[in-house]
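Residue strings, one per chain:
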Amino acid sequence: MLIKNGTIHDGLGFAGQRDLRIESGLITGLGESLPIREGEEVFDAAGMEVLPGFIQTISNWGVNGSAYEIRPSSNDNDERSDPITPDLDAFYAFNGRAITYQQMGAYGVTAVGVAPTDNNLFGGTIAAFTVDGVNPYKMCLKRDIAMMASVTNSLKRTYGTRQTAPQTRMWIFANFAEQLRKAAAYKLEEDKPEDRKLLALQRVVKGELPLFVACDSLIAAERVREITEQYPELRLVLINGFGLTGEENWIVEKRLPVVVRVAANPLDDCAMQLDLGGIAKLAEQGVPVVLSGTAANSFLAREDVLWNCAEMMKVIHDSERVLSMATSTPAKLLGIDGQTGSIREGLRADIVIWSANPMKTWQARIIRTYSGGEVIYREGDVRKCI
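Residues numbered from 1 in each chain as written. Predicted model: local features only at pLDDT ≥ 70, side-chain atom pairs only at ≥ 80, totals over all residues. Heavy atoms only, no water.

Novice: Hey, could you run me through the overall build of the protein in this one?
Specialist: On a plain count of helices and strands, the protein comes out with 11 helices and 18 strands. For the protein, whose C-alpha radius of gyration is 21 Å, the value lies close to the compact-globule estimate of 21 Å for 386 residues. By the burial criterion, 58% of the 386 residues in the protein qualify as buried. In the protein, once contacts between residues fewer than 6 apart in sequence are set aside, the share between residues at least 24 apart is 67%. Of the accessible surface of the protein, which amounts to about 16,500 Å², a share of 49% is contributed by carbon and sulfur atoms. (Helix = DSSP H or I, 4+ residues; strand = E, 2+ residues; numbered from the N terminus. Rg over C-alpha atoms; globule rule 2.2 N^0.38 Å. Buried < 20%, exposed > 50% of the residue type's maximum accessible area, 1.4 Å probe, protein only. Contact = heavy atoms within 4.5 Å. Areas by Shrake-Rupley, 256 points an atom, 1.4 Å probe, with all protein chains shown as cover.)

Novice: Which parts of the structure should I look at to understand the sheet that holds strand 12 (residues 211-214)?
Specialist: Strand-to-strand pairing in sheets goes through backbone hydrogen bonds, with the strands running parallel or antiparallel. One open sheet holds the 6 strands; their spatial order is 8-11-12-13-14-15, and the pairing between them is mixed. Edge positions in the open sheet fall to strand 8 (122-125) and strand 15 (289-291), since each of these has one partner strand only. Direction aside, the axes of adjacent strands within the sheet are offset by 20 degrees on average. Where strand 12 meets strand 13 (residues 236-240), 4 bridges bridge the pair, whose relative direction is parallel. Looking at strand 13, one finds that Phe212 is bridged to Val237. Here helix 4 (residues 169-185) sits on the sheet in contact with strand 8, strand 11 (147-150) and strand 12, set at roughly 45 degrees to strand 8. (Pairing = 2+ DSSP bridges. Axes fitted to C-alpha atoms, helices over the stretch in contact; angles between N-to-C directions.)

Novice: I'm lost on the packing of helix 4 against helix 5 (residues 196-205) in this one. Help?
Specialist: As a packed pair, helix 4 and helix 5 sit with axes 8 Å apart at the nearest point and diverge in direction by 90 degrees. In terms of axis orientation, helix 4 runs roughly perpendicular to helix 5. In this structure, helix 4 uses Gln179, Leu180, Lys182, Ala183 and Ala184 to contact helix 5, whose residues at the interface are Leu198, Leu201, Gln202 and Val205. Split into classes, the residues belonging to the contact of helix 4 with helix 5 amount to 6 nonpolar, 2 polar and 1 charged. (Parallel < 35°, antiparallel > 145°, perpendicular 65-115°, else oblique. Nonpolar A, V, L, I, M, F, W, Y, C, P; charged D, E, K, R; others polar.)

Novice: For this particular structure, what's the right way to read the sheet that holds strand 6 (residues 54-59)?
Specialist: Spatial strand order, 6-7-9-10: 4 strands in an open sheet with mixed pairing. Two strands close off the open sheet at either side, each with one partner strand: strand 6 and strand 10 (140-142). Along the sheet, successive strands turn relative to each other by an average axial angle of 30 degrees, direction set aside.

Novice: Sorry, what's going on with the pairing of strand 16 (residues 351-354) here?
Specialist: A regular strand places its side chains so that they alternate between the two faces of the sheet. By the alternation rule, side chains of strand 16 split into Ile351 and Ile353 and Val352 and Trp354, which are all buried. Bridge count between strand 5 (residues 49-52) and strand 16: 4 bridges; the pairing is antiparallel. The partner of Glu49 across the bridge, within strand 16, is Trp354. Both strand 16 and strand 17 (residues 366-371) contribute to a ladder of 4 bridges, which runs antiparallel. Note on strand 17: the bridge partner recorded for Ile351 is Tyr370.

Novice: I would appreciate a short explanation of the pattern of salt bridges in the present structure.
Specialist: A side chain with one charge can pair with a side chain of the opposite charge if their charged atoms come near. Inspection of every chain in the model, using the stated rule, returns 21 salt bridges. The partner of Arg37 in a salt bridge is Glu23, and the shortest N-O contact between them spans 2.9 Å. You can see Arg37 sitting in the loop between strand 3 (26-31) and strand 4 (42-44) and its partner Glu23 sitting in strand 2 (residues 15-23), a full 14 residues away along the chain. The class of Arg37 is partly exposed, set by a relative accessible area of 43%. Glu23 sits in the partly exposed class, given a relative accessible area of 32%. A network of salt bridges, in which partner residues are shared, links Asp144, Arg203 and Glu208. (Salt bridge = Lys/Arg side-chain N within 4 Å of Asp/Glu carboxyl O.)

Novice: Can you walk me through the packing of helix 9 (residues 304-316) against helix 10 (residues 319-326) in this structure?
Specialist: The description of two packed helices rests on the angle between their axes and on the distance between the axes. Look at helix 9 against helix 10: their axes get within 10 Å of each other, and the N-to-C directions meet at 145 degrees. In the packing of helix 9 onto helix 10, the handedness of the crossing is right-handed. Contact residues: Val305, Cys309, Met312, Met313 and Ile316 in helix 9; Ser319, Arg321, Val322, Met325 and Ala326 in helix 10. (Left-handed = near helix turned anticlockwise from the far one by under 90°.)

Novice: Can you help me understand the packing of aromatic side chains in this one?
Specialist: Working definition: an aromatic ring pair is given by the centre-to-centre distance plus the angle between the planes. If you walk through the whole model with that rule in mind, you get 7 aromatic pairs. Judged by centre distance (5.5 Å) and plane angle (85 degrees), the rings of Phe91 and Tyr92 are edge-to-face. For Phe91, a relative accessible area of 3% puts it in the buried group. Centre to centre, the rings of Phe91 and Phe129 are 5.8 Å apart; their planes meet at 20 degrees, and the pair counts as stacked. Residue Phe91 is located in the loop between strand 6 and helix 1 (96-101), and its partner Phe129 is located in strand 9 (residues 127-130); the two are separated by 38 residues in the primary sequence. Accessibility assignment for this pair places Phe91 and Phe129 in one class, buried. Among the aromatic residues, those joined into a ring-pair cluster are Phe91, Tyr92, Phe94, Phe129 and Tyr137. A cation over an aromatic ring shows up here: Arg223 above the ring of Phe173, its NZ or CZ 5.5 Å from the ring centre. (Phe/Tyr/Trp six-rings, centres within 6.5 Å; stacked < 30°, edge-to-face > 60°. Lys NZ or Arg CZ within 6 Å of the ring centre and 35° of its normal.)

Novice: Could you clarify how one ought to interpret the environment of Glu374 in this entry?
Specialist: Considering the arrangement of structural elements, one finds Glu374 in strand 18 (residues 374-378). Overall, the relative accessible area of 53% leaves Glu374 in the exposed class. Sequence spacing of Glu374 and Ala349 is 25 residues, and the spatial spacing of their C-alpha atoms is 8.2 Å.

Structure, rendered in structure tokens:
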């Protein structure tokens, strides 16, 4: 098909009127006044804005089943039997039918990073998926993206109520350091079974796999920094951004990516420390900043990426820069920028046609959402409250 006369925002900084051609699910043409081919469907997007689909970088979407599933509300990415489970893989928690039923495309989201929850110190690896389909193997954009870790109070709330460790910050940070130390020193021995947990963490220490760490304060982030800087190859990514002021030179010097999430509970005292002005200062100094939604997958969270963008627009006032924080930058962080996250020839046609620029006005409506060139939402479609 051919989308004509729309204002293209490529997610990389460009905005201008272009035509866009889609063939076999891919973007195969971008330019002014592209000729219409015989038999080609044409959509006239005059007066409309064409954006890459948003990417929900760290989420639980597609994990819970719908009310009609065999396993509704299964929370299959939340292994609470052991706070240290780095050998697990969030890919196995994903349910294609669930994410299709949850209609992420109706909110402009076309890809999600599915991660273990914040309830374990080391939870396992992250995988990325499209938001339409049934078969997780066909929907998966990439597996084994990064190791998810957490040093937040979620661990104490999860395990402390059972009177088991971790109940304190002392345990959390002591074991965070100890597990990395053991992984760095670990060697396979012929006469002993392999330690899958240490092997998984050894990849992190060697820099083969990034380490995404959820922190709930600046102090927590500083402690993570102190522990991880002993391993020069380790690739650290900070999750949440709570408490960051923009004066953290150690983040700027190493260009450590920061994934900004919003709280599922608006009264979360840690989330109240989120200062988007401070985050913007880091971005101005070259720090890769990603605007994600909440980690929860309540239906109320489906607009959180857009909400985060709207809040950042109050600080940065540059719609193309803010758009990149929800599209091309998260795609690069997840290692899927060769497939999606921007509007370029050769990439998946994961695009959203809006009535106006959603970075600038809440009046913008989604006219159509495409996933791999297929329409997954049209304005007027019924939205399901799940």
